[in-house]
Every structure is written in C-alpha cells, then in structure tokens.
Protein chains: 2
Amino acid sequence: MKDDAFEALTVETLPARLSAIPEIATRVGGAPSGWKVREVGDGNLNLVFIVEGAKETVIVKQALPYVRLVGDSWPLPLKRSFFEYHALTRQQARAPGTVPALHYFDETQALIVMEFLSPHIILRRALIEGRQLPKIGRDLGLFMARTLFRGSDLSMKASERKADLALFADNVELCDITENLVFSDPYFEAPMNRHTPGLDGLVKELRADRDLKVAAQRMKHAFATRAETLVHGDLHSGSVMVTDDETKVIDPEFAFYGPMAFDVGMLLANYWMAYFAQRGHEGDESRNAMRAYLLGVVDETWHVFRDEFARLWRTERNGILYQAALYEDQDDGLAAEQALNHVIHDLWTDMLGFAGIEMHRRILGLAHNADFEEIADETLHATCEAAALKFGRHVTVNRNTIQSLAELDALAQALDQRKLS
Amino acid sequence: MKDDAFEALTVETLPARLSAIPEIATRVGGAPSGWKVREVGDGNLNLVFIVEGAKETVIVKQALPYVRLVGDSWPLPLKRSFFEYHALTRQQARAPGTVPALHYFDETQALIVMEFLSPHIILRRALIEGRQLPKIGRDLGLFMARTLFRGSDLSMKASERKADLALFADNVELCDITENLVFSDPYFEAPMNRHTPGLDGLVKELRADRDLKVAAQRMKHAFATRAETLVHGDLHSGSVMVTDDETKVIDPEFAFYGPMAFDVGMLLANYWMAYFAQRGHEGDESRNAMRAYLLGVVDETWHVFRDEFARLWRTERNGILYQAALYEDQDDGLAAEQALNHVIHDLWTDMLGFAGIEMHRRILGLAHNADFEEIADETLHATCEAAALKFGRHVTVNRNTIQSLAELDALAQALDQRKLS
Ligand SMILES: Nc1ncnc2c1ncn2[C@@H]1O[C@H](COP(=O)(O)OP(=O)(O)OP(=O)(O)O)[C@@H](O)[C@H]1O
Ligand SMILES: Nc1ncnc2c1ncn2[C@@H]1O[C@H](COP(=O)(O)OP(=O)(O)OP(=O)(O)O)[C@@H](O)[C@H]1O
C-alpha cells in the first residue's frame, strides 16, 4: 500500500487494503473478509472508520484532498494527516496517556491507524446530555500544561524547537482556516457566515464595535506570529473523548507553533458556551446543577493548568528562557517566581482574548456548535447565543483588566438570566 | 569553483579562484594577476576582501566554519552566509537602494560578492570622530519601517511568510549567539563576560536586580518566540556604512523572523551609547553639539520609522492582519487607525525593552563597543559606561510606562553629568 498513489478508502475496499499491512492484519486479527467496517459520519474534514476484527477494534482515519463535508470545491492538502500524526506523537511524549495509542501511519495515503476509544463518547455530546464528567477539569488542565510547557522554549532545546517549528510552519492551509474562520469572518459579512435570525440586531452592533474588531485582530496577530509552543490548534469539546474515568484528546490536525494560551482559551470558551446553552436544554427539569458544574469545570481547568504549569516551571525549566543560572545566585530564586507570575499573567490575558473570539465564531461564523444548534426553539436558541456573544465580547475586549474567574461567573450568571433584547 | 568543497580564500588564492567565475572576471576586469586584493581586518566573524580590478572594485565576503576572531574553538556554520545573502535580497526588494548591490553568491563556498561601498565609512567610526551625518535618521528610519513592515503578515502572503520563516528558522546558531550573549550572559557571571574595573559595584547591583533580570528574560522570550518579521538581527552602528549623502546597511547574517522592534531598539541603543561616550571623547573641545545631534538622531529615527510604518499601514496593508474588509464598512476606517495605535504602542514598548538590553550587553558582555573602548582614561571610561548602564536599566524595566523621548532626553542629560558613584 505504501508506495501507491493516494486513494480514498471506502467501507468496501478497506479490509483488502489494510490487511496488506502485516502489522495491521495481525493486530486486527482474523480473516479480513470478516472485519466489520463502519464509517463514523460525524467528522467534517476527514474519513474515519471503525474496523472491528477478531482480536481488536481500531480506528482508521484518512484525510481527503478536500473538506469531506463540502467536497472538491474546498480543497485541503493531504499533509494535514502528517501534522496530525506528528502532533499526536509529541502529545503522547509530553503528556503520556492523553491521546489514543498510535498503531500505524502512511504519509502517502494520509492515513492513521489508532486505538479505538470505547466506550468513550465525544465530550460535547456528554455535556449536551447533561452528564457531569468528574475528571475533565483535572485531566485537560494537566494535558494543556504539559503539552504546552514541554513544547516550548521553556523546556525544549532551542535547535530542536526551531526545527520542529519549521516543520509545522508548512501546516499553513489549516492555519489559514483558523485565521479566516475564527479571527476574521465573524466580524464582517463574510460569504460563509450564518447566524440565528433573532440575532440580527446584536450582530450588526458587534460588527460595528471598534474595540472588539481591534481586539480580535490583535489576537489574530498573536496567533499568526507568536510561535511559543506546539498547540493542538482545535481543542474544543468535540476534540475530547470521555468516560467517567478517562479523558482523551483527539484530532490535532491544526497543530502548529502558536501562542501558549490558544488551546486554553478555546477549551474554556466551549465550556462557557455549554453553560449558556443549558437554558435551551432545560425543558421541565432544571439544569442548575449542570450550570454550576460547568463553571466549576472552567475554574478547575484553569487552576489545574496554572498550578501544573508552575510546577513544571519550578522543576523542568531546562530551556533557554529564564534559566536557573540567572536566578539562583543573588536572590533565592525570587526572580524566577516573579517571572513566572508575569508569564502566567500573560497566559491569562491571552486565554481570555482567544476565548471570546472562539465564542463569536461559533455563533457568527461557519462552524456552529451542537450545544446551541440543537436548541429547537428559535427564540430560545437566539437568546442563549446572545448571552454567549455578549460574554465573548466582554472577555476579549477587557482581557487586560479582568482579574478573576469569580468576576466572570457573576457576568455569566447575569447574562444567562436576561431576555433577548 | 561551484562544486568544490569549501575552502577559505586568502589574499593569494583569491584572484585565481574568483576569476574562474566568468561574471566576476568580467565585472572586476583586467588580468586577475593584476587585481589588488586587501583583507579588511575589522570583522569579527568572517573574511572580507576588497578586490580592485581594472574596471571595478568589489567586496568578497566569505564565512568560515568558525568565528574568525576566535578560531576553531568556536565553530559556527557556513550557512550563515546563505542567510546573509537571502536577507540582503529581501532587504533590497523591500527597501531598494539601502544595501550593497549583490553580484554573486556561492553557497558551498559561503561566499558573497557585492558592491564595494566607497567612500563610505562605518557609522560607528564616524560618530566616534564626532561627525554629524545629516541623513542617517531619515534613511534608517525608512529602512526599518520598510523592511520590517513588508516582511510581516501585515504585508506578505501568509503562505510565503511561513515558508520564509521556516527557511530562516535554520539560522539557529546565530540566534543562539544573540540569545546567550545579548539576553542572558550580561546578567550573571558568564565565562566570556568582561567589564571595566570601576564598574564592579554597579555590575553587582544590576546582577542582583530582580526587576531587570525578569525584564531581560521577558525580552528574550519575545526574541525567541515572536516571529513577526524578517529582522536584520544585528543592526548597530557597526552594520551601517555612510557618507554625508548615503546610508547603506550591511551584514545581516543574524537575520531571522523575530520581533519587529528588535532592530529599532538595537539601533537606538547604539545612538544612546554614542551619546554617553561623548564625555570620554571630549578632550579640550566640547562635544555638546554632537550630544544634541545624537539625541536628535534618536528622535528623527523613531519618528521617521513610526510615520513610515503608519503610511505603509494605510497604503500597503495587504496581508492577513487587520484586513481592510473588516474595517471599511461601518466605521470610516477608524478601527484601522485604532489598531495602528495599538501596534505602534507595542513597537515602542518593545523597542525600549530591547534597547536597554543592547546597552547592557555592550558593557557587561563579550562584545564591547569602540565608542566606549576607545576612551583611554579608565575612570572616565567607567563613568560613561555607568551612565549607559543606568539608562539601559531604566528603559528596559520601565518600558511599559515611559511615554516619550523627551522624558528620556532628560534622563540621558542628567545621567551624563553625574560622577561615577
Ligand atoms: N480514536 C478514536 N476512537 C473512537 N472514536 C474516534 C476516534 N477518533 C475519532 N473518532 C470518532 O470519529 C469522529 C471524527 O473524528 P475526528 O474529529 O478526528 O475527525 P475530523 O474529520 O478531523 O473531524 P473534525 O470535524 O472535528 O475536524 C469523532 O467525533 C469520533 O466520534
Ligand atoms: N560592501 C562593503 N563595502 C565596503 N566595505 C565593506 C563592505 N562590506 C563590509 N565592508 C567592510 O568590512 C568590514 C567587515 O564586514 P562585516 O561587518 O560584514 O563582517 P563581519 O565579519 O560579519 O563583521 P561583524 O563582526 O560585524 O559580524 C566592515 O566593517 C567594513 O569595513
């Protein structure tokens, strides 16, 4: 299979083609004709198959030379699979156990064979259903601190980091998607945008909001230029698979060297959106416990992230930045602590900036969230989204002066109770 | 010559070897045996020859696999010549006429043949001699605005910029020199450091100064991670050649994608150091006019840079950042102006941060400035340097709150009058 030209798999061709790879044939086990192959329909960009054999079930993920959901008219290079694979290996090394085990990679076929996570479900789905996952705050806080710290100049050898940066700089088409769809399109009448009808007034207001547009472009500037660490690049609740006991991160095809707080902001934004969607999922039964849970998850994620980042700073700061040699001699390490505070302060500010924009693009742009989309009543749908839009505007524009999550809890609660105006 | 293994040129071998390249033989003209070849002794890292033929005089610059001044014990890759050549071509395209014309490049031989600038002299030399060059403020302000703006995401296609970033990311050894010698070594007792004896007390104080050390590492963090534009990377007064009418920039072998304000901070720092050195060059004759001239040059450079940057922002903002589409519709372009103010504010802050550190490393680190080194009287030498160190400390630590150059003129004047304490 290796040297052939790229060919998209189908449910029918998969067993014959995959069984030609001895290590896969052995792993899956049994006669390939007996393998049960199902396509998972819910990815936007790529093909994903579940392949069940006599011994093991595996996931086969294959990129296509275009966006799966759209087709030929939106080409997208196969090499995104290469970046996904290499990001997964680095995440695995930096935060062991947090991503699916990797079984096989074929660059030409843009194909990754990996562990089938089961009975895991997508975190977004779990949150919409009102499930309170007890471990996500801690697990993802640790995941982010470890991958982001250990992929940065705080930890890596400068020459290795620069070589890796050059490698991932070629993931330019996927960065381009983020640059446009996340940071720019929501703020003007871009062709692919859509929004819930009831929001027209607010959308107009936001698109005329100078402070917001400037802030969004400032964050885009940071995204495009600050090559601080290897970020996941698409860390929302649809890229996390969970059980009550386990949390796994998937789908890092947008990975590149970018700002440290990008993943953190995107993830927290998705919790805040889940929060504002509760009202739409309420029905007869109150979702107050879920609301409290989600704000708690935001709080735990941030604090675990921050504390683990600080721990790594104190114990693994072996890179070219803030070197121990400079801080040890004359001041009992207080300078290193002072520097840590500055760095964490910047992470906080950036996190807020990115979070607000993620909330906007999910409501104003092309890619919407099931959290809101599944609210059937249109007025309620718009009401939930309006609260999220206002919250997003506040955190992005005021990122430099917001002091605490408590302050944001209060804002979230107030906005959540408002009527659509 | 092209396919041969690298071999360092000598005054003796140069004519035979260079005349094998038809375009060079023709350009220089006459029998190679008649060429007059001189080595220019004043570079630290590379070989530089002046080759005078019947028709034209050219400069031949060749890298060595080590630092010329030190020898084998300090290896340095030949590829720095590749980066110098490619940086020169980009500077030439972005700010035509500001660098020597390029005649030839041989990657294997790490060799660049370029225009011989004559009667130009090195700017640092001119300033030490008390010459007031009328055009440097304007010329270098424009040079920086144009190269830095046009090499950034404000202007370039994102895919081209990312490819170029990946290319220059391989200039890692030269970045490493800056990261260590500029940002770290001055702030602890690094082996290669030296300083004028009278400064012991102040040096001790600075190396125990927590705010300063944190600030220096914050700037290093920015240097290492913020890939905003192709910077020259070593833009001090020794990398500029001048006549009264012309200003040319040479020697961009440290070029890489870094923070926009790095070049600006380094250049202004060198003017400020020239200012603090005046007292040491005063002798019988007052250098007050030169002092006023130098502060004027700082002022003019910054303002020309800022205004040209703003002009390019308004007329050539064709990149992925702050796109016109976002700003045109609802607010008469006021958002673009607001964003410009933010960007210029950041450039100002970063410039100050980098400037102070450049002043420190030239007094505390390995590479000292002739401006101070040529002050024969040791106490006077230390007095001048002490003023520069204090000034540098102030601008770096207070970069976020300093409002104007007038404020810094006053500080410079006050420090310049002090006794060594
Ligand atoms: N390792 C795995 N184990 C179990 N299920 C998986 C695994 N990887 C992916 N899936 C399933 O396949 C779906 C699509 O996967 P993934 O998100 O990686 O694809 P994609 O096309 O890149 O999607 P996206 O639209 O999020 O970019 C997931 O939502 C999940 O349901
Ligand atoms: N194009 C030129 N025209 C005239 N003289 C030049 C030219 N290029 C270099 N020189 C002379 O050669 C000297 C050394 O050149 P350059 O600074 O490029 O070398 P280097 O070894 O890289 O030095 P550095 O120590 O600054 O890194 C310059 O100071 C200048 O006197």
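Remember, predicted model here, so these are calculated numbers, not experimental data. Throughout this document, residue positions are counted from 1 along each chain, in the order its sequence is written. Here every chain gets a letter starting at A, and every ligand a number starting at 1, in the order they are written. In keeping with the predicted nature of the model, local features appear solely for residues at pLDDT of at least 70, side-chain atom pairs appear and are counted solely at 80 or more, and the whole-chain, interface and lining totals rest on all residues. Hydrogens and water molecules were not included; the side-chain quantities draw on all heavy atoms of the structure.

### Quick notes on the relation of the copies chain A and chain B
Argument step 1. A least-squares fit on C-alpha atoms brings the copies together, and the residues used are those whose pLDDT is at least 70 in both copies. Under the fitted operation, chain A is carried onto chain B by 0.0 Å of movement along the axis and a turn of 180 degrees, and the coordinates agree to an RMSD of 0.0 Å. Here the two chains are linked by the operation of a two-fold rotation axis.
Argument step 2. When the interface residues of chain A are mapped onto chain B, 100% of them again lie at the interface, so the same face is used by both copies. By the convention used here, residues are in contact when the closest approach between their heavy atoms is within 4.5 Å.

### Focus on the nonpolar core
Argument step 1. Counting 205 residues, the largest nonpolar core has Y271(A), W272(A), F309(A), Y271(B), W272(B) and F309(B) as its most contacted members.
Argument step 2. Aside from chain neighbours lying at most four places away, what touches F309(A) is A145(A), F149(A), L154(A), M260(A), L340(A), V343(A), I344(A) and L347(A).
Argument step 3. Put simply, buried Ala, Val, Leu, Ile, Met, Phe, Trp, Tyr and Cys residues joined by side-chain atoms within 4.5 Å make one nonpolar core. Each residue's exposure class comes from its accessible area (1.4 Å probe, protein chains only) as a fraction of the maximum for that residue type: buried when under 20%, exposed when over 50%, partly exposed otherwise. Ranked by size, the runner-up nonpolar core spans 35 residues in total, among them F83(A), M114(A), F82(B) and F83(B).

### Re the interface of chain A and chain B
By a widely used convention, the size of an interface equals the accessible area lost when the partners come together.
Argument step 1. Contact residues are listed per partner, giving 48 residues for chain A and 48 residues for chain B.
Argument step 2. Accessible area, probed at 1.4 Å, shrinks when two parts are joined; the buried area is that loss added up over both. Around 4,500 Å² of area is buried between chain A and chain B when both sides are counted, 57% of it from carbon and sulfur atoms.
Argument step 3. Criterion for a salt bridge: a side-chain nitrogen of Lys or Arg within 4 Å of a carboxyl oxygen of Asp or Glu. At the boundary of chain A and chain B, one finds four salt bridges.
Argument step 4. Residues adjacent in sequence count toward polar contacts only when both atoms are side-chain atoms; beyond that, a polar contact is any pair of N or O atoms within 3.5 Å, and within protein one must be able to donate a hydrogen and the other to accept it. Applying the counting criterion to the chain A and chain B interface returns 22 residue pairs in polar contact (both at pLDDT 80 or more).

### Re the site of ligand 2
Residues and elements named next belong to chain B.
Argument step 1. Working definition: residue near molecule or strand if any one of its non-hydrogen atoms lies within 4 Å of it. As a structural note, the neighbourhood of ligand 2 is formed by 19 residues, with D42, N44, N46, K61 and L117 the closest of them.
Argument step 2. E253 places a polar side-chain atom, nitrogen or oxygen, 3.0 Å from an oxygen atom of ligand 2.
Argument step 3. Starting from 610 Å² of accessible surface for ligand 2 in isolation, the protein chains cover 92%.
Argument step 4. Secondary-structure elements contributing two or more residues to the shell around ligand 2 are β3 (57-62) and β7 (111-115).
Argument step 5. Here the residues of the shell around ligand 2 sort into eleven nonpolar, three polar and five charged. The protein chains shown are the only cover counted for residues, whose accessible areas, like all others here, come from Shrake-Rupley with a 1.4 Å probe. A run of H or I in DSSP becomes a helix once it reaches four residues, and a run of E becomes a strand once it reaches two; helices and strands are each numbered from the N terminus. Residues are grouped as follows: nonpolar covers Ala, Val, Leu, Ile, Met, Phe, Trp, Tyr, Cys and Pro; charged covers Asp, Glu, Lys and Arg; every other residue, Gly included, is treated as polar.

### Quick notes on the sheet that holds strand β11 (residues 247-249) of chain A
All names here are of chain A.
Argument step 1. Only when DSSP finds a minimum of two bridges between them are two strands counted as paired. Spatially, β8-β10-β11 is the arrangement adopted by the three strands of the open sheet, whose pairing is antiparallel. Single-partner strands in this sheet number two, and they are β8 (121-122) and β11.
Argument step 2. Of the strand pairs in this sheet, β8 and strand β10 (residues 240-242) are connected by two bridges, and their pairing is antiparallel. If you follow I121 over to β10, its bridge partner there is V242.
Argument step 3. Fitted lines through C-alpha atoms serve as axes, helices being fitted only where they are in contact, and the angles separating the N-to-C directions of these axes extend from 0 to 180 degrees. Contacting β10 and β11, helix α5 (residues 136-150) runs over the sheet at an angle of about 35 degrees to β11.

### Brief notes about the pairing of β7(B)
All names here are of chain B.
Argument step 1. Burial analysis of β7 places four of its five residues in the buried class, which makes it a mostly covered element.
Argument step 2. Alignment of β3 against β7, held across five bridges, turns out to be antiparallel. Bridge pairing in β7 links Q62 to L111.
Argument step 3. The pairing of strand β6 (residues 102-106) with β7 spans four bridges and is antiparallel. In the sheet register, F105 faces β7, and the bridge partner there is I112.
Argument step 4. A loop of four residues connects β6 with β7, the two strands running antiparallel in sequence, and A110 in this loop sits at a positive phi of about 50 degrees.

### Considerations on the pattern of salt bridges
Residue and element names in this part refer to chain B.
Argument step 1. What the rule picks out here adds up to 58 salt bridges over all chains.
Argument step 2. D209 serves as the salt-bridge partner of R393, at 2.7 Å between the closest nitrogen and oxygen. A residue pair is termed long-range when its members are at least 10 positions apart, and R393 in helix α15 (residues 378-397) and D209 in the loop between α8 (200-207) and α9 (210-225) qualify at 184 residues.
Argument step 3. Residue R393 is classed as partly exposed on the basis of its relative accessible area, which comes to 23%.

### Some thoughts on the UniProt feature "domain: Aminoglycoside phosphotransferase" (unreviewed entry) in chain A
Argument step 1. UniProt positions are given in the numbering used here, feature names are shortened, and annotations may be inferred rather than shown by experiment. Under the local residue numbering, the UniProt record ascribes the feature "domain: Aminoglycoside phosphotransferase" (unreviewed entry) to residues 37-273 of chain A.
Argument step 2. Helix makes up 41% of residues 37-273 of chain A and strand 19%. Its end C-alpha atoms lie 34 Å apart.

### Some points on the site of ligand 1
All names here are of chain A.
Argument step 1. Close to ligand 1 lie 19 residues, the nearest being D42, N44, N46, K61 and L117.
Argument step 2. Contacts to ligand 1 include N44, whose backbone N or O atom sits 2.7 Å from an oxygen atom.
Argument step 3. In this structure, an oxygen atom belonging to ligand 1 sits 2.9 Å away from a side-chain N or O atom of D251.
Argument step 4. Within the residue set of the shell around ligand 1, elements represented by two or more residues are β3 (57-62) and β7 (111-115).
Argument step 5. Each of domain 1 (14-115) and domain 2 (121-416) contributes no fewer than three residues to the shell around ligand 1. Domain delimitation follows an automatic or database domain assignment.

### Notes on α9(B)
Argument step 1. For a helix, the expected span equals 1.5 Å multiplied by the residue count minus one. Here α9(B) contains 16 residues, and its C-alpha end-to-end distance of 22 Å stays within 8% of the 22 Å for a straight helix at 1.5 Å per residue.
Argument step 2. In terms of burial, α9(B) is largely enclosed, as 14 of its 16 residues are buried.

### Re the sheet that holds β3(B)
Residue and element names in this part refer to chain B.
Argument step 1. Sheet architecture is open: five strands sit in the order β1-β2-β3-β7-β6, paired in antiparallel fashion. Among the strands making up the open sheet, the edge pair consists of β1 (36-39) and β6. When the angles between neighbouring strand axes are averaged without regard to direction, this sheet yields 20 degrees.
Argument step 2. Of the strands in this sheet, β3, β6 and β7 are in contact with helix α3 (residues 80-94), which crosses β6 at around 150 degrees.

### Some thoughts on the domain arrangement of chain A
Residue and element names in this part refer to chain A.
Argument step 1. Looking at chain A, the domain boundaries give domain 1 (14-115) and domain 2 (121-416).
Argument step 2. Between the C-alpha centres of domain 1 and domain 2 the distance comes to 27 Å.
Argument step 3. Contact residues are listed per partner, giving 22 residues for domain 1 and 30 residues for domain 2.
Argument step 4. Carbon and sulfur atoms supply 65% of the area that domain 1 and domain 2 bury against each other, a total of about 2,200 Å² over both sides.
Argument step 5. Scanning the region where domain 1 abuts domain 2 turns up eight residue pairs in polar contact (both at pLDDT 80 or more).

### Remarks on unusual backbone geometry
Trans is the prevailing form of peptide bonds, just as negative phi is the prevailing case for residues other than glycine.
Argument step 1. Look at the link from S118(A) to P119(A): it is a cis peptide, with omega at 10 degrees.
Argument step 2. Phi is positive for Y322(A), close to 55 degrees, though the residue is something other than glycine.
Argument step 3. For Y322(A), the position within the fold is in the loop between α11 (288-315) and α12 (324-328).
Argument step 4. One non-glycine residue, A110(B), lies in the positive phi region at around 50 degrees.
Argument step 5. With respect to the helices and strands, A110(B) occurs in the loop between β6 and β7.
Argument step 6. For A110(B), a relative accessible area of 0% gives the class buried.

### What about the packing of aromatic side chains?
All names here are of chain B.
Argument step 1. In this scheme Phe, Tyr and Trp rings, the latter by its six-membered ring, pair at centre separations within 6.5 Å, and the angle between planes marks the pair as stacked below 30 degrees, edge-to-face above 60, and tilted otherwise. According to the stated counting rule, one finds 36 aromatic pairs over all chains in the structure shown.
Argument step 2. Centre to centre, the rings of F183 and F354 are 6.1 Å apart; their planes meet at 75 degrees, and the pair counts as edge-to-face. Highlighted residues: F183 in helix α7 (residues 172-184) and F354 in helix α13 (residues 334-364), separated in sequence by 171 residues.
Argument step 3. Taking relative accessible area as the criterion, F354 reaches 2% and is therefore assigned buried.

### A short note on the packing of α7(B) against α13(B)
All names here are of chain B.
Argument step 1. Closest axis-to-axis distance for the α7/α13 pair is 8 Å, and the angle between their directions is 85 degrees. Relative to α13, the element α7 is oriented roughly perpendicular. Contacts from L181, V182 and F183 in α7 reach F354, I357 and R361 in α13.
Argument step 2. A class-by-class count of the residues in the contact of α7 with α13 yields five nonpolar, no polar and one charged. Geometric relationships in this document are graded by angle, where less than 35 degrees denotes roughly parallel, more than 145 denotes roughly antiparallel, 65 to 115 denotes roughly perpendicular, and other angles denote oblique.

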